[in-house]
Amino acid sequence: MTIGELRTVAASVGLPAFASKQLAEWLYKHCARSFSEMTNLSKAARERLAEQYSIGCLPPLERHCSEDGTVKYLFPTLSGHRVETVFIPDGERGTLCVSSQVGCRMKCRFCMTGRQTFEGDLTTADILNQVYSLPERERLTNIVFMGQGEPLDNLDNVLRATEILTADYGFGWSPRRITISTAGLRDKLQRCIEECDCHIAISLHSPFPEERADIMPAERAYSLTEMLPLLHAYDWSHQRRLSFEYIVFRGLNDSPRHARELVRLLSSLDCRVNLIRCHEIPTEGYSTPGYPSSTPPGLFEAPEETMLWLRDYLTRHHITTTIRASRGKDILAACGLLSTQRTQ
C-alpha cells in the first residue's frame, strides 16, 4: 500500500493520520511479519489491524543454490500460483531478478517462461514480497525486472511496486538501482519512461524486424520501427540508463551484417548493449528458427571468440558493450531458463 492508502487503514482502526507513517516504517523499513511487532501502536489497534488486514508476506517454498553462488527461490503468490526469483551475489553487489507475471504472453521462442501457460499478473504485493521475504534482503544493491513475465504487460502493478521501492516512506531506494526490462510494448513503454525514473532495458536480439519476429512474436505487434523513434524522443545522457539486451545465437544474429545494422540503429542513441550467451531450453523438441529440433546440444551457443568480436566491433563504433556473465545455469536460473510450469 502507498502512504495514502495506509492513512485510510490507520483511520479504519481508529488511529490518527500520522500513524500511517508508523505503519509504513514497520512495513518497508523493518519488514515486519506480524502486527504484533508494531510496538509503538496501541495493543487494541494492533488487534484491530490483525482482524481486518494481513501483511501479505509469504516465505519462499524452495531454494536452489548454484555452484557459482546464485540462488533461485520459488515464491508462492496470494492467488495460489508460484514464481521464481533469482538472487545473484557478486562481491559487494547483490542483484535480485524479480518476476512480474506467472508465465508470459510474449512467447519468445528462446525463453522457458514464454513456453509455459500464462496464468496471470502478479499483484504489487506479490512483486514486493520477492524483496520483502528474501533471506538475503539486507545484501541487495540492485533489482532487475527480468524474471518471469513481461513487466510492461503488468505495468500498473510494476509502477506501483517501483513507487514503493523508491519512495521516502517506502524502501527508499534510488531508482538508479532498479532496471525494468521489456520486449518493447510501445504505448506502455512511453508511459513507463514518463512515470518512473528507473533504468530501461530493451530485449532486442536482432536488428532486423523480420528476423526478430521469428524469435520474438511480439515484434509483429510492437515493431522496432515504432519503438526506436520513441526512444530517440527522450534524453538518456543523464543518470538514467538505456540498454539493449542481445542474446547471441550462433549463425542467427552474430554476423558482420547484424553488427553493422546494430551500429546503424543504435549509434545515435546514448545507450549500451549487453551481450548474453544463449541458454538452450532443456526440453524435448526445442528449436530456434533456422535449426531443426534435432540440433545437437551446444550448437546454438556462440563461441567465445564470436562474443568478443561482436563486443569489440560495437565498442569500436562507440557503442558501450559488455558481455553479461552467465550465472545459475546449472539450476536453471540463467537468462531464459525460469519456469514454474511444473509447479502450477
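Residues numbered from 1 in each chain as written. Predicted model: local features only at pLDDT ≥ 70, side-chain atom pairs only at ≥ 80, totals over all residues. Heavy atoms only, no water.

Asks: Outline the overall build of the protein, supporting the account with residue identities and numerical values.
Replies: For the protein, the count of helices and strands is 10 helices and 12 strands. Considered along the principal axes of its C-alpha atoms, the protein spans approximately 70 × 45 × 40 Å. Evaluated residue by residue, the protein yields a buried proportion of 54% over its 344 residues. Contacts spanning at least 24 positions in sequence make up 65% of the contacts within the protein whose residues lie at least 6 apart. The average position of the 39 basic charges and that of the 42 acidic charges among the side chains of the protein differ by 2 Å. (Helix = DSSP H or I, 4+ residues; strand = E, 2+ residues; numbered from the N terminus. Buried < 20%, exposed > 50% of the residue type's maximum accessible area, 1.4 Å probe, protein only. Contact = heavy atoms within 4.5 Å. Lys, Arg positive; Asp, Glu negative; His and termini not counted. Charge placed at Lys NZ, Arg CZ, Asp CG, Glu CD.)

Asks: Kindly report on the pairing of strand β4 (residues 93-97), identifying the contributing residues and their values.
Replies: Counting buried positions over the five residues of β4 gives four, a clear majority of the element. Strand direction decides the pairing type here: strand β3 (residues 82-90) and β4, joined by five bridges, are antiparallel. Across the sheet, residue I88 finds its bridge partner in β4, namely T95. Connecting β3 to the antiparallel partner β4 that follows it, the hairpin turn spans two residues, and G91 within it adopts a positive phi of roughly 65°. Bridging between β4 and strand β7 (residues 142-145) involves three bridges; their strand directions are parallel. Considered in β7, the bridge of C97 is made with V144. (Pairing = 2+ DSSP bridges.)

Asks: Just give me the short version of the pattern of salt bridges, but keep the residues and values in it.
Replies: Tallying each qualifying case throughout the model produces 16 salt bridges. R324 serves as the salt-bridge partner of E245, at 2.0 Å between the closest nitrogen and oxygen. One end of the pair, E245, is in strand β10 (residues 242-248); the other, R324, is in the segment after β12 (320-323), and 79 residues separate them in sequence. With a relative accessible area of 3%, E245 lands in the buried category. (Salt bridge = Lys/Arg side-chain N within 4 Å of Asp/Glu carboxyl O.)

Asks: Break down the side chain of R277 for me, citing the residues and quoting the values.
Replies: Structurally, the position occupied by R277 is in strand β11 (residues 272-277). Looking at R277, its side chain comes within polar contact range of the main-chain oxygen of R324, at 3.3 Å. Leaving out residues up to four positions away in the same chain, R277 has contacts with I247, E301, E304, M307, I323, R324, A325 and S326. (Polar contact = N/O pair within 3.5 Å; in protein donor to acceptor, adjacent residues only side chain to side chain.)

Asks: Any chance you could break down empty space enclosed by the protein for me, citing the residues and the numbers?
Replies: Over the atoms, a rolling probe the size of a water molecule traces out where space has been left empty. On inspection of all chains with the given rule, the structure shows one cavity of 30 Å³ or more. Size it by volume and the largest cavity reaches roughly 30 Å³. As for the largest cavity, its lining consists of E62, H64, K72, Y73, L74, E84 and R342. Elements that contribute at least two residues to the lining of the largest cavity include exactly β1 (62-65) and β2 (71-76). Per-element tally for the lining of the largest cavity: the top contributor is β2, with three residues. Residues of the lining of the largest cavity, tallied by class, amount to two nonpolar, one polar and four charged. (1 Å grid on protein atoms, 1.4 Å probe; cavity = no way out; pocket = protein on both sides within 12 Å on 5 of 7 lines; lining within 4 Å. Points joined across faces, edges and corners; volume = space filled by probe spheres on them. Nonpolar A, V, L, I, M, F, W, Y, C, P; charged D, E, K, R; others polar.)

Asks: Before we move on, could you go through the nonpolar core and cite the residues and values that matter?
Replies: One finds F171, L231, F244 and L266 to be the most contacted residues of the largest nonpolar core, which totals 98 residues. In this structure F244 touches I202, L204, L228, L231, L266, L269, C271, R272, V273 and N274, once residues within four positions along its chain are discounted. (Core = buried A, V, L, I, M, F, W, Y, C linked by side-chain atoms within 4.5 Å.)

Asks: Which residues make up the sheet that holds β11, and what values go with them?
Replies: Sheet strands pair via backbone hydrogen bonds, and the direction of the pair is either parallel or antiparallel. Pairing within the open sheet is mixed, and its 10 strands lie in the order β1-β2-β3-β4-β7-β8-β9-β10-β11-β12. On the outer flanks of this sheet lie β1 and β12, each paired with one strand and no other. Neighbouring strand axes in the sheet, compared pairwise and without regard to direction, differ in orientation by 20° on average. Pairing between β11 and β12: four bridges, direction parallel. In the sheet register, N274 faces β12, and the bridge partner there is T322. Running over the sheet, helix α6 (residues 186-195) touches β8 (178-182) and β9 (199-203) and is turned about 160° from β9. (Axes fitted to C-alpha atoms, helices over the stretch in contact; angles between N-to-C directions.)

Structural measurements only, silent on function.
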